[in-house]
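Structure at a glance
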Amino acid sequence: MNKHDVRGFNGFNATRRSKTILRETAKGIAGQSGDSNVATRPPAAAPREMSSVELLGERGELKIAHNGELYSLRRTRQGKLILTK
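Because the structure is a prediction, the values reported are computed rather than measured. (Residues numbered from 1 in each chain as written. Predicted model: local features only at pLDDT ≥ 70, side-chain atom pairs only at ≥ 80, totals over all residues. Heavy atoms only, no water.)

1. Regarding the sheet that holds strand E3 (residues 61–66)
Just so we agree on the cut-off: The rule for pairing is simple: two strands pair if DSSP sees at least two bridges between them. The helix count covers DSSP runs of H or I at least four residues long, the strand count covers runs of E at least two residues long, and both are numbered beginning at the N terminus. Axis definition: a line fitted to C-alpha atoms, limited for helices to the stretch in contact. Angles are taken between N-to-C directions and run from 0 to 180 degrees.
Here 3 strands make up an open sheet; going across it, the order is E3-E4-E5 and the pairing antiparallel. Looking along the sheet, the strands with just one partner apiece sit at the ends: E3 and strand E5 (81–84). Across the sheet, the mean angle separating the axes of adjacent strands is 20° when strand polarity is ignored. In the sheet, E3 pairs with strand E4 (residues 69–75) via 6 bridges, with the strands oriented antiparallel.

Put into structure tokens, the structure is as follows:
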């Protein structure tokens, strides 16, 4: 390996130019300029939480429309949840 080669992903050799391209691409993906590759995103909101009783109601079943399909979320006799199409 000569002085112009650098170690790339998975142990393969890459040229100095390839390393620069990879670094610039990572910066672009992170949405930053400069030397830092750390993305600055706002903290994610906590997922909503609710009880299955509140969600499924007395019948123990909820119909969910998603991407043009209708799904059924229901509580089984054993108290487990099952999602079916």
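2. Considerations on the environment of Thr84
The condition is simple: The classification of residues rests on relative accessible area computed with a 1.4 Å probe and restricted to protein chains. Under 20% of the type maximum is buried, over 50% is exposed, and intermediate values are partly exposed. By definition in these notes, contact holds between two residues if any of their heavy atoms fall within 4.5 Å.
For Thr84, the location among the structural elements is in strand E5. A relative accessible area of 32% means that Thr84 is categorised as partly exposed. The sequence separation of Thr84 and Ile64 amounts to 20 residues, and the corresponding C-alpha distance is 10.0 Å. Apart from the residues lying within four places of it in its own chain, the contact partners of Thr84 are Tyr71 and Ser72.

Function cannot be inferred from these measures alone, as they are strictly geometric.
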